[in-house]
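Residue-level structural notes
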Amino acid sequence: MFAKIESERLLYIRLNQVKLRSVECIHLRDAVVNDGNLSELGKMVILPSTFTGSPRHMHEYAQDAMTYVRAYGRPDFFITFTCNPAWDEVKELLLTGQSPSDRHDISARVFKQKLKSLIDFIVKHHVFGETRCWMYSIEWQKRGLPHAHILIWMMEKITSNRIDEIISAEIPDIEIDKDLHDIVSKISFMVHVAH
């Protein structure tokens, strides 16, 4: 069904190029004049920036990110959040014999809910302090799981002498927090050991 809807969106865009003002795209005209022969390209269709995943859409996001950096400086945190196919919420919704790679829709929905919870936890509960602004980008890994790159700007900039208070690179003590120790120690998580 998604493929049908997507093909209808693309057909609408192709048939309404004039309404979408694609004729006025200066950069496209420059590219055609400077870069070569249109007869080798087939029919040219310009995707609007509202079409998710199009080059113009991605360029618009990159420009937004640059605006944040210009206004607020470098981000204080860069966090990567990865979907885990072993999450209970994913496993519960799979039918017998299915794996998470068979049901990308389930993985995507659970990931999106957990990402929203993480962002809310950081922003609303002021885990690292009061948040000025944040943004994220979601990508899909080759094995079919989504992951997010999150940038966070704090009201009070994080200085190098505070990093050890915020970032910990050790497995939690089993005596102090058994649940957290069990979560971090699971085989399904990536643990890098330095020798």
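Residues numbered from 1 in each chain as written. Predicted model: local features only at pLDDT ≥ 70, side-chain atom pairs only at ≥ 80, totals over all residues. Heavy atoms only, no water.

- The name that an unreviewed UniProt entry assigns to the chain is Helitron_like_N domain-containing protein, with the source organism given as Trichonephila clavipes.

Remarks on the overall build of the chain
- When helices and strands are counted, the chain shows seven helices and three strands.
- Ordered by position in the sequence, the α and β elements of the chain form the string α-α-α-β-α-α-β-β-α-α.
- Split into buried and exposed, the 195 residues of the chain put 23% on the buried side.
- For the chain, restricting intrachain contacts to residue pairs at least 6 apart in sequence, the fraction spanning at least 24 positions comes to 56%.
- As presented, the chain carries roughly 15,000 Å² of accessible surface, and 57% of it is formed by carbon and sulfur atoms. (Helix = DSSP H or I, 4+ residues; strand = E, 2+ residues; numbered from the N terminus. Buried < 20%, exposed > 50% of the residue type's maximum accessible area, 1.4 Å probe, protein only. Contact = heavy atoms within 4.5 Å. Areas by Shrake-Rupley, 256 points an atom, 1.4 Å probe, with all protein chains shown as cover.)

Topic: the packing of aromatic side chains
- One pass over the structure, following the stated rule, counts six aromatic pairs.
- A ring pair is formed by tyrosine 68 and tyrosine 72, whose centres lie 6.3 Å apart and whose planes are at 75°; its orientation type is edge-to-face. Taken together, the positions of tyrosine 68 and tyrosine 72, both in helix H3 (residues 55-72) and four residues apart, correspond to about one turn of that helix.
- An aromatic cluster is present here, built from Tyr68, Tyr72 and Trp153 joined pairwise through their rings.
- Above the face of the tryptophan 87 ring, lysine 114 is positioned so that its terminal group lies 4.9 Å from the ring centre. (Phe/Tyr/Trp six-rings, centres within 6.5 Å; stacked < 30°, edge-to-face > 60°. Lys NZ or Arg CZ within 6 Å of the ring centre and 35° of its normal.)

Overview of the nonpolar core
- If you look at the biggest cluster of nonpolar residues, it comprises 19 residues, and the most contacted ones within it are Phe81, Trp87, Phe111, Leu115, Ile150 and Ile152.
- Elements with a minimum of two residues in this core: strand S1 (77-82), helix H5 (104-124) and strand S3 (146-154).
- With six residues, the single largest contributor to this core is H5.
- With near-sequence residues (within four places) excluded, isoleucine 152 lies in contact with Pro75, Asp76, Phe77, Ile79, Ile122, Thr131, Cys133 and Trp134. (Core = buried A, V, L, I, M, F, W, Y, C linked by side-chain atoms within 4.5 Å.)

Here we look at the layout of surface pockets
- Size it by volume and the second largest pocket reaches roughly 980 Å³.
- Taken together, 26 residues line the second largest pocket, and the ones lying closest to its centre are Thr52, His57, Tyr61, Ser137 and Ile138.
- Per-class residue counts for the lining of the second largest pocket are 16 nonpolar, five polar and five charged. (1 Å grid on protein atoms, 1.4 Å probe; cavity = no way out; pocket = protein on both sides within 12 Å on 5 of 7 lines; lining within 4 Å. Points joined across faces, edges and corners; volume = space filled by probe spheres on them. Nonpolar A, V, L, I, M, F, W, Y, C, P; charged D, E, K, R; others polar.)

Quick look at unusual backbone geometry
- The residue histidine 126 is not glycine, and still its phi comes out positive at about 50°.
- Examined against the element boundaries, histidine 126 turns out to sit in the loop between H5 and strand S2 (131-140).

A closer look at H3
- An ideal rise of 1.5 Å per residue puts 26 Å on 18 residues; H3 measures up with 26 Å between its terminal C-alpha atoms.
- At the exit of H3 stands glycine 73, carrying a positive phi of roughly 85°. (Expected span 1.5 Å × (residues − 1).)

Looking at the environment of histidine 57
- When you line up the elements, histidine 57 lands in helix H3.
- Under the relative-accessibility criterion, histidine 57 is labelled buried at 11%.
- Distance in space between the C-alpha atoms of histidine 57 and leucine 47 is 8.7 Å, their sequence separation being 10 residues.

A word on the side chain of asparagine 16
- Along the chain, asparagine 16 turns up in the loop between helix H1 (2-15) and helix H2 (26-35).
- Separated by 2.8 Å, the side chain of asparagine 16 and the backbone oxygen of tyrosine 12 make a polar contact. (Polar contact = N/O pair within 3.5 Å; in protein donor to acceptor, adjacent residues only side chain to side chain.)

Overview of the pairing of S3
- For S3, a buried count of seven out of nine residues is recorded, marking the element as mostly surrounded by other parts of the structure.
- The sheet contact formed by S1 and S3 spans six bridges and is antiparallel. From the neighbouring strand, phenylalanine 77 faces S3, where its bridge partner is isoleucine 152.
- As defined by bridge partners, S2 adjoins S3 across nine bridges and the pair is classed as antiparallel. Bridge pairing links isoleucine 138 to alanine 148 in S3. (Pairing = 2+ DSSP bridges.)

Quick notes on the sheet that holds S1
- With antiparallel pairing, three strands are arranged side by side in an open sheet as S1-S3-S2. What marks the edges here is a single partner per strand, and that holds for S1 and S2. The average undirected angle you get between the axes of adjacent strands in this sheet is 20°.
- Lying on the sheet, H3 is in contact with S2 and S3; it crosses S2 at an angle near 155°. (Axes fitted to C-alpha atoms, helices over the stretch in contact; angles between N-to-C directions.)

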